[in-house]
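Structural overview
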2 protein chains.
Amino acid sequence: MSGSFAERLSAAVATRESQVVLGLDPDPARLWPAAAAAADGPGAPAERAARAVTEHCRLLIEAAGPACVAVKPQLACFERLGAPGWTALAQVVALAQAAGLLVIADGKRGDFPPTAAAYAQALAGTTPTLAGEVAGLGADAYTVNPLLGADSLAPFVASEAGVFVLVRTSNPGAADFQDLELASGGLVWESLARLVNELGELRPCGLRDVGAVIGATAHTHLPRARELMPNAIFLLPGIGAQGGEVERLAPAFAPGRAGGLPSASRSIADAHREGGAEPAHAARAEAERLREIAWGLAAEQAQR
Amino acid sequence: MSGSFAERLSAAVATRESQVVLGLDPDPARLWPAAAAAADGPGAPAERAARAVTEHCRLLIEAAGPACVAVKPQLACFERLGAPGWTALAQVVALAQAAGLLVIADGKRGDFPPTAAAYAQALAGTTPTLAGEVAGLGADAYTVNPLLGADSLAPFVASEAGVFVLVRTSNPGAADFQDLELASGGLVWESLARLVNELGELRPCGLRDVGAVIGATAHTHLPRARELMPNAIFLLPGIGAQGGEVERLAPAFAPGRAGGLPSASRSIADAHREGGAEPAHAARAEAERLREIAWGLAAEQAQR
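One structure accompanies this document, and this report is about it. (Residues numbered from 1 in each chain as written. Chains lettered and ligands numbered in written order. Predicted model: local features only at pLDDT ≥ 70, side-chain atom pairs only at ≥ 80, totals over all residues. Heavy atoms only, no water.)

**Some points on the pattern of salt bridges**
Within this structure, the stated rule accounts for 34 salt bridges over all chains. Lys72(A) is paired through a salt bridge with Asp106(A); the nearest N and O atoms lie 2.7 Å apart. Pair noted here: Lys72(A) is in strand E2 (residues 70-73) and Asp106(A) is in strand E3 (residues 102-109), with a separation of 34 residues, a long-range link. Residue classification places Lys72(A) among the buried positions, given a relative accessible area of 4%. Classification of Asp106(A) as buried rests on a relative accessible area of 3%. Between Arg273(B) and Asp270(B) there is a salt bridge, with the nearest N and O atoms lying 3.4 Å from each other. Residue classification places Asp270(B) among the buried residues on the basis of a relative accessible area of 17%. What you see here is one network of salt bridges that share partners, running through Lys72(A), Asp106(A), Lys108(A) and Asp111(B). (Salt bridge = Lys/Arg side-chain N within 4 Å of Asp/Glu carboxyl O. Helix = DSSP H or I, 4+ residues; strand = E, 2+ residues; numbered from the N terminus. Buried < 20%, exposed > 50% of the residue type's maximum accessible area, 1.4 Å probe, protein only.)

**Examining the relation of the copies chain A and chain B**
Superposition record for chain A on chain B: RMSD 0.0 Å, screw rotation 180°, translation along axis 0.0 Å. The two molecules are tied by a two-fold rotation axis, judged by turn and shift. Interface residue correspondence from chain A to chain B reaches 100%, placing this contact among same-surface, isologous pairings. (Least-squares fit on C-alpha atoms with pLDDT ≥ 70 in both. Contact = heavy atoms within 4.5 Å.)

**Description of the pairing of strand E6 (residues 141-144) of chain A**
All names here are of chain A. Of the two faces of E6, the one carrying Ala-141 and Thr-143 and the one carrying Tyr-142 and Val-144 are both buried. Two elements, E3 and E6, share three bridges in a ladder whose sense is parallel. Bridged to Ile-104 within E6 is Ala-141. Between the parallel pair E6 and strand E7 (residues 162-168), the chain is carried across by helix H6 (residues 150-158), and the sense of this crossover is right-handed. (Pairing = 2+ DSSP bridges. Right-handed = clockwise from strand over helix to strand, strands pointing away.)

**Points about the packing of helix H2 (residues 45-64) of chain B against helix H12 (residues 279-303) of chain B**
All names here are of chain B. Where H2 meets H12, the closest approach of the two axes is 8 Å, and the angle between their N-to-C directions is 50°. If you check the angle between H2 and H12, you find them oblique. Considering only the axes of H2 and H12, their crossing is right-handed. Contacts between H2 and H12 involve Leu-60, Ala-63 and Ala-64 on the former and, on the latter, Ala-280, Ala-283, Arg-284 and Ala-287. Taken together, the residues that form the contact of H2 with H12 break down as six nonpolar, no polar and one charged. (Axes fitted to C-alpha atoms, helices over the stretch in contact; angles between N-to-C directions. Parallel < 35°, antiparallel > 145°, perpendicular 65-115°, else oblique. Left-handed = near helix turned anticlockwise from the far one by under 90°. Nonpolar A, V, L, I, M, F, W, Y, C, P; charged D, E, K, R; others polar.)

**Some points on the interface of chain A and chain B**
In this complex, chain A contributes 72 residues to the contact, which on the side of chain B involves 72 residues. Where chain A touches chain B, the interface holds four salt bridges. Taking the shortest distance from any N to any O, the salt bridge between Asp111(A) and Lys108(B) comes out at 3.0 Å. On the surface where chain A and chain B come into contact, there are 27 residue pairs in polar contact (both at pLDDT 80 or more). Breaking the side of chain A that touches chain B down by element, the ones donating at least two residues are helix H2 (45-64), helix H3 (75-79), helix H4 (82-98), E3, helix H5 (113-124), H6, helix H7 (174-178) and helix H8 (188-198) of chain A. Broken down by element, the residue count for the side of chain A that touches chain B peaks at seven residues, all from H5(A). Across the side of chain A that touches chain B, the residue classes tally to 40 nonpolar, 20 polar and 12 charged. (Polar contact = N/O pair within 3.5 Å; in protein donor to acceptor, adjacent residues only side chain to side chain.)

None of this, on its own, says anything about what the molecule does.
Here is the structure:
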């Protein structure tokens, strides 16, 4: 990894003509049929399932990857297979990077500063050990949870990787705390946004290395989020299955084509369940559909 | 695992006459000397370091475990060794449970409901896969982050394991968001506390299965926290190295002897660095010192 995340992402968006992030949330009971054979052969159930998960992700990356700029593996979906799941995760990271895709590790970690530093080592750094240096996952960026405050984010921000801070998520319960009104005015999520805007360096591409997660179903918040974080990259999960529509995301692209990253998981991987097409073809078509809309929105935004 | 977490913890506290939680935050560059030999032999650095981490934790559990009721492995410290680190984590969970200790997996997870469900599978459940059912870590309880709201906590609360929700943490940055004043009155952390008080069942032992993480350095918040969550089990990290003093924790024990769980990591594992004693002896002595103080506080509280 070399260069800042914002610059690397901007270059990748320009080259690949895509802002779409392929979410990888493999459910080991519902993998693509073509991946199932990888579970044959020796090993405990976790090992066999993990092989099939890797193969499922490989096929998905092969099919939909060309229309995308990054993948976003959901760490929980791998961790539930234990050590073999973590091996699968590392393999998937390598496969995605070999295909020219950036990797955003979606683990939403957040902890006391020394522990946050250990998570940064695990995801995108290295760890000194009595047996020599151990490399982490090698993700290009990761998602983090800011509840523990600025000092808990510092070790993440200090790492070379890009950081996406949860600001306003897309689940119904997001309103429970993120939308509470503060005595000083504004909402809790706006105060999270203000902190994000102070973190990370502003790069020549017009973007900062520290971005924000804004649920795509929370698109009504986008104009205000952009006002508070004019140069942050927005990671926009929840397209498709969660009800987010990529057409609504225009404000994300105000600072540039790489300003918004619409992310879709099930709506791509499960596209064949709607239309009946072969999984790889359906996934490719859906990713390409999202790519075209997002690319068009960004182009419109650039002409304003 | 059978029975509710609150009941199982209450029974364990009574049997072991301890509320102390042994934090396991192994730093693979600073393990006990007696653990280093386990890194000899074949394997990649991560595998060799992971073996030594397991051995370090085994020795620590053997030394300090008898004075404790539970261990709290810090997931980040294992994840930074990748798949071998996850194997070490699973081994440490098994070693602790074999020694009669409960296991609180400290990962502070929090995510959209379907992903939260995957984390619950990973930590304390099982996952259906195309190759058969895969067991998770088998933790007795785990820590979670509530920023995403009530729906994101539901899959954790629905699991059989105990849940500790971050309410007021012990790092300096905790004040950044947790202490913000709300327009409706009160602080953000108090509103987190109110949610916790509505979750989980109240058991005959007088405690709920859903507890709260309250940093031990935030002890000035304890009386108010107890008011808002009269039956929650408080997990109280930050004793020792982070500056928390177990003497200040009396309000935690108001609902019963198992109402407060002071947790210490470095102050036990590194006790020998202060006094010069052999690591195992120093760790045992420090854990026993904390145990006596906490047990005495709880007894005083019971007589009120």
